[in-house]
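# Coordinate analysis (summary)
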Amino acid sequence: MRLYKTWVETYEKNEEIHAEGVETRREAEGDYDGMGSTPIPPGDSQAVPKAKPKPKPKSSAPKVKTDEQLARAAVVKANANLLEISQWDYKLANASVPKVVRDAYVSSMETEGKELRDAKTAVELALSLGQSLKESTEKLESANENYRKSSGQVKKACDHSFADFLISSLGRGATSCAELQKAAHASVKEAEANKGGLSNLTRKIASLGNWGKWPQNIERDLTVLLQLPAAPLFLEIPVRSNINRKDVVMGKLPIIPPHALFHYLHVSWWLKDLNSTFPQSSGGPAWLCELRGDWKWSREAFALSTHWGAREICHLCAAKCPAHPNVQQRWTNLDREFPRRSAVNAMASCFKWPHPICGLPGFQVAQIRFCSMHIVNLGILQNLTGSLISLLFQHGFFGQGNMENHLRELSSRFRAWARVTKIEHSQGFISSGMLHMQDGYPHLTVKAWNGQVLLVFLDRCLTALVAAGAQDQEIQLAHLATRAMTCWFDRLARFPRLLSQAQGNEISNFGFRFLRLYRQLAILSVLRSVARWRLLPKVHPFRHMNEDMRHRLYNYRYCHTFKDEDNVGVCKKLAERVAKGDLMEYRIMTRFLLRVGSWVP
DNA sequence: GCAGATGGGTGGGTAGCAAA
DNA sequence: TTTGCTACCCACCCATCTGC
C-alpha cells in the first residue's frame, strides 16, 4: 500500500490546480458528453466537503423482534438446513465414506428433515391463516436446533481438510507422494492413540502402498484413488533432442483441453452418481465464469474473426476499424459507449468456426475477458511511458547529451527514488534498446509491474516540471493523464473483487478521464507534428473494462493474467519433483491435476 | 590444507509381473 | 482389475579418497 499512498495524498491538490483550464478547453471543443448520462465532474468528486453525519441516538434497550420476524428467520434457517440435508449423500460419497455408513447417516438426516418440513409447514400455515405464530415458531426453532446437534457427526465425516491440504501440497510440488503418505499415516497413528477422529480420505492416503510398506507403489495407488480428471491428448511438437540439445525431434506433449476439464468438473460429477440426491440441474461444483488470456491468445484460441487488425475489432461490440466510413462507428471514437452485441449476433459474427467451449453450459461471448495486464501494463502503459520520457527529454529534464545519457540519468534517479520510497521492482538500467520506436512512436519495453512503478516516478517528474513553472499545454495534459492513470491503478489495487456502485464509478471515472486526456494529447501531437501519444487499438478494450467496472461492478484486477503466469513457477517445482523420463510432461500434468481431481467444494 | 573426484546410502520413484 | 512384490533407475547427500 505504500506505493499508492505516495501519490493519492497529493492528487486532489494537483487536480484542483490544473483541472479548470483543461475542462474549459474540453467544453470549448464540445466533443465529450461523458459516459452515457453520467458526466465526469470537474476535479475530483472528493473535493466537495461532505457534511458530517449526525450521530444516532443510542437506544436504551435492545429492539424486540416481532413474532413474524422470528418466524421468518426460523423458516430461512430451516430452508438452509433442508438444502443441506438434500446434499449429504453427495458430500459423503465424495468424502469416500463407505456406502453402509453413508446410508445410515442419510437415513438419519432424512428423519430430521421430515421433522423440519412438518414444523415449517405449520409455521407457513399459521402465517397464511393469520393465527398466532409463537407456538409453531418455537417448534421450528427446536427442530432446527435438533438438526444442528445431530448433523455434527455427519459434518465431521465429510471434513477432510487435512487430506485436501496434503493433496494440494503435492499438486504444488511442495512435497512428494511418499511424504504425503507418511504425514497421513502419522495422523492416523496419533488419532488412534488419542481416540480422535479422522476423515476417510486421510485414512485411505495413509494406507497407500500397503501402509507405506511398499513406498514405490504410493504414487500409483494415489493416482488410482483420486483418478485423473480426464484422458489426455498427445500433441506432436518439435523439441530439442535429449542427446545433444542441437537436433530437433518430434516430442509428444500431453494436454487436457479446457472444455474437457470443464466437462469433468461440471457435468460428470453428477452423471457418475445419478442416484445422488444432489440437485442435478446445477451440475458439478464448477461453473464457467470467465476465460482469461491476452487478446492475441483469445483470438487464436477461440478462432475469433474480430481482432485489432480486422474490420470489426471487438467481440463485445460492433466497433469498426479507423478506415470505416462512419466516424461514429470507429473504435477511435473513445467518448462513445458502443452497444454490446447480442448473444446471437456474437455467435454469428465473432467466430470463424464454433469452438467446443461455445457448447459449454452457461457460455457467453462476454466471458472471453480482456486481460488488464496485457491491455494496460503491456500495451497502453508502454506507449504512455515512452511518450512521457520523450517529452521530458525534449524539455531537458534529465540534463543534456544524447539519448543514452538521458536514459542513464533517468535510470539512476528512478532507482534512487524507488530505494527511498521502498518500492520493490526489478528494473535495471534502461537502455536505448528498450526505448524503441514502434510505427514511428516512442515505446518503452519494460515488465508489467516495473512499468507501473516507473509511471509513478514519471508522474513525480512531471509534478516537479509543472511546479518549476512549465506552461506548455502538452505537459499540463500529460501530467493530468499520468495522474489519472496512476489513480486508476491505485483504485484497482485497493478495491475488492466485487465493487460497490461508488467504487465502480470512481475507478471508471479515472479510466474515462485518462482516455479523454490521452485523446487530447494524440490530437495535439498531430497538430504539432510530433510523434508521441500513439492511439493503440488497446484503448478500446480499456474503455470496455471501465464500462464493466461501472455497470457490472467487477474489479478487473481479478481477471488479469498475472496469477496465471505464476503457474510457470508451480510447473517448475513439479518438474523438479517428478522423474525425468520420456513421460516427464505427462507426470507434471497429472501431478498438477491431482488438485482438481481431489477438489470438493 | 584444500578442492575436486569417488562411492555408498537413501529417498523417491518407474516398469513389469504374478497372485488374489 | 487390484494389489503385492521384485528389479532397477536416478538424484541427492555425505563421508572418504586423491592429487595438487
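Bear in mind the structure is a predicted one, so any value in this text is a computation, not a measurement. (Residues numbered from 1 in each chain as written. Chains lettered and ligands numbered in written order. Predicted model: local features only at pLDDT ≥ 70, side-chain atom pairs only at ≥ 80, totals over all residues.)

Scanning chain A from N- to C-terminus turns up 21 helices and 4 strands. For chain A, with 601 residues in total, the buried portion stands at 33%. Relative to all contacts within chain A whose residues are 6 or more apart in sequence, the contacts with residues 24 or more apart total 68%. (Helix = DSSP H or I, 4+ residues; strand = E, 2+ residues; numbered from the N terminus. Buried ≥ 20, exposed ≤ 12 C-beta atoms within 10 Å, placed from the backbone. Contact = placed C-beta atoms within 7 Å.)

The interhelical angle for the contact between helix H16 (residues 473-494) and helix H17 (residues 501-528), taken along N-to-C directions, is 155°, at an axis separation of 8 Å. Compared by their axis directions, H16 and H17 come out roughly antiparallel. At the point where H16 passes H17, the crossing takes the left-handed sense. Between H16 and H17, the contacting residues are Gln473, Glu474, Leu477, Ala478, Leu480, Ala481, Ala484, Met485, Cys487, Trp488, Arg491 and Leu492 on the first element and Glu506, Ile507, Phe510, Gly511, Arg513, Phe514, Leu517, Tyr518, Gln520, Leu521 and Leu524 on the second. The residue inventory of the contact of H16 with H17, partitioned by class, reads 16 nonpolar, 3 polar and 4 charged. (Axes fitted to C-alpha atoms, helices over the stretch in contact; angles between N-to-C directions. Parallel < 35°, antiparallel > 145°, perpendicular 65-115°, else oblique. Left-handed = near helix turned anticlockwise from the far one by under 90°. Nonpolar A, V, L, I, M, F, W, Y, C, P; charged D, E, K, R; others polar.)

This part takes up the pairing of strand E4 (residues 441-444). A regular strand carries its side chains on alternate faces of the sheet. Here strand E3 (residues 435-438) pairs with E4 via 4 bridges, running antiparallel. Looking at the pairing, His436 lines up with His443 of E4. The antiparallel pairing of E3 with E4 creates a hairpin that spans 2 residues between the two strands, and Asp439 there sits at a positive phi of about 55°. (Pairing = 2+ DSSP bridges.)

Residues Ala481, Ala484, Met485, Trp488, Phe514 and Leu517 are the most contacted members of the largest nonpolar core, which totals 57 residues. Of all the secondary structure elements, the ones that give two or more residues to this core are helix H13 (372-394), helix H14 (403-421), helix H15 (448-467), H16, H17 and helix H18 (539-551). The contacts of Met485, once residues within four sequence positions are left out, are Leu384, Leu455 and Phe514. Counting residues in hydrophobic clusters, the runner-up holds 13 residues, among them Ile167, Leu180, Ile205 and Ala206. (Core = buried A, V, L, I, M, F, W, Y, C linked by C-beta atoms within 7 Å.)

A separate point is H17. End to end, H17 covers 40 Å across 28 residues, agreeing with the expected 40 Å (1.5 Å per residue, within 8%). Note on H17: the residue one or two positions beyond its end, Ser529, has a positive phi of about 55°. (Expected span 1.5 Å × (residues − 1).)

For the rest of this paragraph, the subject is the packing of H13 against H16. The N-to-C vectors of H13 and H16 enclose an angle of 145°; their axes lie 11 Å apart at closest approach. Crossing of H13 against H16: the hand is left-handed. On the side of H13, the interface is formed by Leu384, Leu388 and Leu391, while H16 contributes Glu474, Ile475, Ala478, Thr482 and Met485. In the contact of H13 with H16, the residues fall into 6 nonpolar, 1 polar and 1 charged.

In this model, chain A carries a mean pLDDT of 76, and residues with pLDDT of at least 70 account for 76%. Predicted confidence is poor over residues 270-282, with pLDDT under 50, and the contacts of this stretch with residues over four places away or in other chains come to 15 contacts. (pLDDT = per-residue confidence, 0-100.)

A separate point is unusual backbone geometry. Positioned with a positive phi, Ala303 is a non-glycine residue whose angle comes to about 50°. As for its placement among the helices and strands, Ala303 is situated in the loop between helix H11 (295-301) and helix H12 (343-349). With a phi close to 55°, Ser529 is a non-glycine residue in the positive phi region. Take Ser529: it is sitting in the loop between H17 and H18.

What follows is about helix H6 (residues 177-193). Between its first and last C-alpha, H6 extends 24 Å over 17 residues, near the 24 Å set by a 1.5 Å rise per residue. Inspection of H6 places Cys177, Leu180, Gln181, Ala184 and Ser187 among the buried residues, and these make up the whole buried set. The buried residues of H6 occupy an angular sector of 125° when the element is viewed end-on, so they sit on one face. Exposed and facing more than 90 degrees away from the buried side of H6 are Ala186, Lys189, Glu190 and Ala193. (Arc of directions from axis to C-beta.)

Once that is clear, we can look at the environment of Thr223. Residue placement: Thr223 occurs in helix H9 (residues 218-226). Under the C-beta neighbour-count criterion, Thr223 is labelled partly exposed, with 15 such atoms within 10 Å. On a C-alpha basis, the gap between Thr223 and Thr590 in space is 8.4 Å, while along the polypeptide they are 367 residues apart.

We now examine the environment of Trp533. Position of Trp533 relative to the elements: it lies in the loop between H17 and H18. Its 28 C-beta neighbours within 10 Å are what place Trp533 among the buried residues. Sequence spacing of Trp533 and Tyr441 is 92 residues, and the spatial spacing of their C-alpha atoms is 7.4 Å. Among residues more than four places away in sequence, those in contact with Trp533 are Ser387, Tyr518, Leu521, Ala522 and Ser525.

With that settled, consider the environment of Gln367. Along the chain, the position of Gln367 falls in the loop between H12 and H13. Note on Gln367: 15 C-beta atoms within 10 Å, which makes it partly exposed.

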